[in-house]
Amino acid sequence: MSGRSLQLRLLVAGLAAMLAALAAAALALTILFERHVERRAVAEAGGHLRSLIAGAAIGADGAFALAAPPADPLFGQAYSGLYWQVQSDAGVLARSRSLWDSELPLPADEMIDGAVHVHTIAGPRKAEVLAVERGLFLTGADGTRGFRLVVALDRKEITEAAEAK
């Protein structure tokens, strides 16, 4: 009878170990998938940011100019969840129509030309947004000036994409 008792205990311990391993694997895969979705969102925002930078210039009047805003139609739709903004020390110089009457409150950051920073900040209508920003220096007739360019995505959409199964 003690042989059966030992077999039963080993079987229960084996099953418990398998369940614990399955739970740990499920948790690890969930975390990896969420990180992958976040990296894809940062990459998407980075692509929009590069197109924004490509169109940036200082006009003949010495003011910031944008040859063409990023092409995604969501930038033109109010509160769409996809936003862009350009600012300098003087304040916000340009922004997407999707921000409507809002501005993205960028954190105090030392922007080095070429360095990309990723933040979670407050967006329009108190939504959390994933902001990808980069500092840019442009030279015009009155010298070199620094700008901060940012593209932001609503975190709700990123969370929904990560939870979609």
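Residues numbered from 1 in each chain as written. Predicted model: local features only at pLDDT ≥ 70, side-chain atom pairs only at ≥ 80, totals over all residues. Heavy atoms only, no water.

Caption draft 1: Expanded view of the pairing of strand E4 (residues 91-95). Of the strand pairs in this sheet, strand E3 (residues 82-88) and E4 are connected by 4 bridges, and their pairing is antiparallel. Bridging across to E4, Ser88 finds its partner in Gly91. (Pairing = 2+ DSSP bridges. Helix = DSSP H or I, 4+ residues; strand = E, 2+ residues; numbered from the N terminus.)

Caption draft 2: Main features of the nonpolar core. Grouped together as the largest cluster of nonpolar side chains are 24 residues, with contacts concentrated most on Val86, Leu149 and Val151. Those elements that place two or more of their residues in this core are helix H1 (2-54), strand E1 (56-58), E3, strand E6 (128-140), strand E7 (143-154) and helix H2 (155-163). Looking at this core, the element that brings in the most residues is H1, giving 6 residues. Setting aside anything within four residues of it in sequence, one finds Leu149 in contact with Leu49, Leu52, Ile53, Ala56, Gln85, Val86, Val132, Glu133, Arg134 and Leu136. (Core = buried A, V, L, I, M, F, W, Y, C linked by side-chain atoms within 4.5 Å. Buried < 20%, exposed > 50% of the residue type's maximum accessible area, 1.4 Å probe, protein only. Contact = heavy atoms within 4.5 Å.)

Caption draft 3: Molecular detail of the side chain of Gln87. Within the secondary structure layout, Gln87 lies in strand E3. A distance of 2.9 Å separates a polar atom in the side chain of Gln87 from a polar atom in the side chain of Gln85. For Gln87, the residues in contact, after removing those within four places along its chain, are Val92, Leu93, Leu104, Leu106, Phe147 and Arg148. (Polar contact = N/O pair within 3.5 Å; in protein donor to acceptor, adjacent residues only side chain to side chain.)

Caption draft 4: Spatial organisation of a negative patch on the surface. A surface patch of negative charge is lined by Glu34, Glu44, Glu157, Glu160 and Glu163. Elements with a contribution of two residues or more to the negative patch: H1 and H2. Looking at which element gives the most residues to the negative patch, the answer is H2, with 3 residues. Within the secondary structure, Glu157 is located in helix H2. (Patch = residues over 30% accessible without salt bridge, like charges linked within 9 Å, V, L, I, M, F, W, Y side chains within 5 Å. Areas by Shrake-Rupley, 256 points an atom, 1.4 Å probe, with all protein chains shown as cover. Salt bridge = Lys/Arg side-chain N within 4 Å of Asp/Glu carboxyl O. Lys, Arg positive; Asp, Glu negative; His and termini not counted. Charge placed at Lys NZ, Arg CZ, Asp CG, Glu CD.)

Caption draft 5: Representation of the packing of aromatic side chains within the structure. Evaluated as defined, the whole model comprises 1 aromatic pair. Judged by centre distance (5.1 Å) and plane angle (50°), the rings of Phe64 and Phe147 are tilted. One end of the pair, Phe64, is in strand E2 (residues 64-66); the other, Phe147, is in strand E7, and 83 residues separate them in sequence. Here Phe64 and Phe147 have matching classes, each one buried. A cation sits over an aromatic face here: Arg125 above Tyr79, 3.9 Å from the ring centre. (Phe/Tyr/Trp six-rings, centres within 6.5 Å; stacked < 30°, edge-to-face > 60°. Lys NZ or Arg CZ within 6 Å of the ring centre and 35° of its normal.)

Caption draft 6: Structural detail: the side chain of Ser98. Of note, Ser98 is situated in the loop between E4 and strand E5 (116-122). The residues contacting Ser98, other than those within four sequence positions of it, are Leu74, Phe75, Gly76, Gln77, Ala78, Tyr79, Ser80, Leu82 and Tyr83.

Caption draft 7: Highlighting the sheet that holds E5. Here we have 5 strands laid out as an open sheet, ordered E4-E3-E7-E6-E5, and antiparallel in their pairing. What marks the edges here is a single partner per strand, and that holds for E4 and E5. When strand polarity is set aside, the average angle formed by the axes of neighbouring strands in this sheet is 30°. The strands that H2 touches are E5, E6 and E7; relative to E7, the one it contacts most, it runs at about 45°. (Axes fitted to C-alpha atoms, helices over the stretch in contact; angles between N-to-C directions.)

Caption draft 8: Quick peek at unusual backbone geometry. Look at Tyr79: it is not a glycine, yet its phi comes out positive at around 55°. Here Tyr79 shows up in the loop between E2 and E3. Residues other than glycine seldom take positive phi values, yet Arg125 does so here, at roughly 55°. With respect to the secondary-structure elements, Arg125 resides in the loop between E5 and E6.

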